[in-house]
Amino acid sequence: MTAGIRPRNNKLVLMPQPIKKAVFPVGGLGTRFLPATKAMPKEMLTVVDKPLIHYAVEEAKAAGVEEFIFVTGRGKSAIEDHFDHSHELQDTLAARGKTEALAALRDWLPGPGQVAYTRQQEPLGLGHAVWCARHLVGDEPFAVLLADDLVLAETPCLKQLVDAYAETGGNVVAVMDVPREHTDRYGILDVSSDDGRRVEVAGLVEKPDPAVAPSTLSIIGRYILLPEVFDHLARQESGAGGEIQLTDAMARMIGGSPFHGVRFEGRRFDCGDRVGFVHANVAFALARDDLREDVEAFLRAYV
Ligand code: G1P
């Protein structure tokens with residue numbers, strides 16, 4: 001699990017293996033967004049001018065990830081096209097001298113061989129989706145990003161996790177406090193210590209009833225996981241909602257290796273929800289220098 005010994009503060013310390021691979025489960029049906037998602041993957045829904053999955057890939061890249069593994073499903077080919085060259089369009093823009101548009105089209109594209117796709121053939125749950133990526137991930141720690149959870153932050157959310165992981169090793173998840181009546185929407189932590197920013201995880205339960213939830217600290221869709229999680233997912237046991245839950249497999253790793261939650265800095269938007277998605281569009285527009293003034297003036301006048 002360790003990549004080597006390096007000096008830190010004049011001491012030699014074991015550094016955890018770097019996170020080079022990220023898994024993006026993008027097989028979900030997106031029924032909460034019909035009719036928008038009838039012929040388009042929900043991960044291609046646009047916040048301002050970029051699809052949700054584009055933000056997730058950018059975030060992973062900013063955290064040092066070099067291999068992007070998509071677990072897709074039927075009707076998701078627009079995602080593959082998005083992360084590929086679009087020669088016709090590029091040639092046309094080049095011929096017209098539209099250098100800015102050309103840059104917007106390809107500057108961010110992952111390089112050859114940096115993207116891999118596998119299909120989740122049946123919608124059996126998030127745990128199953130991640131398990132489908134096991135051969136592509138292999139025997140190294142990796143990240144998981146859920147594109148529905150969009151985080152507006154100065155330091156990208158996954159980078160915050162990677163920084164914590166560099167100190168702690170083991171499993172690390174992004175967490176935030178939610179109202180107690182919402183615990184049945186999330187994976188919820190039981191915590192053994194809490195310094196305000198980082199918590200030690202003593203237990204995990206998927207979507208508990210508010211009356212029995214061990215806390216109100218919930219997992220947001222950013223994870224750093226040890227490859228042992230695949231051994232637990234291989235049991236294919238179904239949990240909450242009859243689905244194979246990632247949270248249940250993670251819960252089985254507690255005690256074996258370090259397991260931390262990081263209260264990330266930034267604002268999370270639930271883009272799997274209509275209202276959260278609209279909020280995200282407004283917030284991301286207001287965060288952009290080229291749009292802020294117009295959008296703010298519009299909101300003031302309109303509301
Ligand atoms: C999934 C996870 C859950 C996590 C949530 C974050 O749930 O199963 O543990 O808290 O993502 O968004 P889903 O939203 O897919 O039901």
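So, here is what we can say about the structure in this document. (Residues numbered from 1 in each chain as written. Predicted model: local features only at pLDDT ≥ 70, side-chain atom pairs only at ≥ 80, totals over all residues. Heavy atoms only, no water.)

Overview of the site of the ligand
For step 1, the next point in the chain: Taken together, 13 residues surround the ligand, and among them D149, G187, E206, K207 and I219 come closest.
For step 2, the next point in the chain: In the environment of the ligand, an oxygen atom lies 3.3 Å from a nitrogen or oxygen atom belonging to the side chain of T247.
For step 3, the next point in the chain: A total of 380 Å² of accessible area belongs to the ligand in isolation, and the protein chains cover 75% of it.
For step 4, the next point in the chain: With respect to the pocket detection grid, the ligand is positioned in the largest pocket.
For step 5, the next point in the chain: The element best represented in the shell around the ligand is strand β13 (residues 217–225), accounting for 3 residues.
For step 6, the next point in the chain: For the shell around the ligand, the residue count by class is 5 nonpolar, 4 polar and 4 charged. (Near = heavy atom within 4 Å. Polar contact = N/O pair within 3.5 Å; in protein donor to acceptor, adjacent residues only side chain to side chain. Areas by Shrake-Rupley, 256 points an atom, 1.4 Å probe, with all protein chains shown as cover. 1 Å grid on protein atoms, 1.4 Å probe; cavity = no way out; pocket = protein on both sides within 12 Å on 5 of 7 lines; lining within 4 Å. Sits in = over half its atoms within 2 Å of the grid points. Helix = DSSP H or I, 4+ residues; strand = E, 2+ residues; numbered from the N terminus. Nonpolar A, V, L, I, M, F, W, Y, C, P; charged D, E, K, R; others polar.)

Here's the deal with the packing of helix α3 (residues 87–95) against helix α4 (residues 99–106)
How two helices sit against one another is set out by the angle between their axes and by the gap between those axes.
For step 1, the next point in the chain: Close contact between α3 and α4 brings their axes to 8 Å; oriented N to C, the two are set at 160°. Overall, the two elements α3 and α4 adopt an arrangement that is roughly antiparallel. Remark: the crossing between α3 and α4 carries left-handed chirality. Counted together, L89, Q90, L93 and A94 of α3 and A101, L102, L105 and R106 of α4 form the full contact between these two elements.
For step 2, the next point in the chain: In terms of residue class, the contact of α3 with α4 is made up of 6 nonpolar, 1 polar and 1 charged. (Axes fitted to C-alpha atoms, helices over the stretch in contact; angles between N-to-C directions. Parallel < 35°, antiparallel > 145°, perpendicular 65-115°, else oblique. Left-handed = near helix turned anticlockwise from the far one by under 90°. Contact = heavy atoms within 4.5 Å.)

Brief notes about the packing of helix α10 (residues 274–286) against helix α11 (residues 292–302)
For step 1, the next point in the chain: Following both chains from N to C, one finds α10 and α11 inclined at 130°, their axes separated by 8 Å at the closest point. It follows from the interaxial angle that α10 and α11 lie oblique. Touching V282, A285 and L286 of α10 are R292, V295, E296 and L299, all from α11.
For step 2, the next point in the chain: Looking at the contact of α10 with α11 residue by residue, the classes come out as 5 nonpolar, no polar and 2 charged.

Overview of the side chain of T183
For step 1, the next point in the chain: Mapping T183 onto the fold places it in the loop between β10 (171–177) and β11 (187–194).
For step 2, the next point in the chain: Residue classification places T183 among the buried residues on the basis of a relative accessible area of 0%.
For step 3, the next point in the chain: A distance of 3.0 Å separates a polar atom in the side chain of T183 from the backbone oxygen of P208.
For step 4, the next point in the chain: With sequence-adjacent residues up to four places away left out, T183 is seen in contact with I188, K207, P208, D209, P210, A213, S215 and T216. (Buried < 20%, exposed > 50% of the residue type's maximum accessible area, 1.4 Å probe, protein only.)

What about the pattern of salt bridges?
For step 1, the next point in the chain: One pass over the full model with this rule turns up 19 salt bridges.
For step 2, the next point in the chain: For R222, the salt bridge goes to E59, with nearest N and O atoms at 2.7 Å. Of the two residues, R222 sits in strand β13 while E59 sits in helix α1 (residues 52–62), which places them 163 residues apart along the sequence. Of the two residues, R222 and E59, both sit in the buried class.
For step 3, the next point in the chain: Its salt-bridge partner being D149, residue R268 comes within 2.6 Å of it at the nearest N-O pair. With R268 in strand β15 (residues 267–270) and D149 in strand β9 (residues 149–152), this residue pair connects regions lying 119 residues apart in the sequence.
For step 4, the next point in the chain: You can call R268 buried: its relative accessible area is 13%.
For step 5, the next point in the chain: Via salt bridges that share partners, D49, R288 and D290 belong to a single interconnected network. (Salt bridge = Lys/Arg side-chain N within 4 Å of Asp/Glu carboxyl O.)

Some words on empty space enclosed by the protein
For step 1, the next point in the chain: With the rule as written, the count across this model stands at 1 cavity of 30 Å³ or more.
For step 2, the next point in the chain: Within this model, the largest cavity holds a volume of roughly 40 Å³.
For step 3, the next point in the chain: The set of elements that each furnish at least two residues to the lining of the largest cavity consists of α8 (229–233) and α9 (246–251).
For step 4, the next point in the chain: A per-class count over the lining of the largest cavity returns 3 nonpolar, 3 polar and 3 charged. (Points joined across faces, edges and corners; volume = space filled by probe spheres on them.)

Bear in mind that shape data such as this cannot, by itself, settle questions of function.
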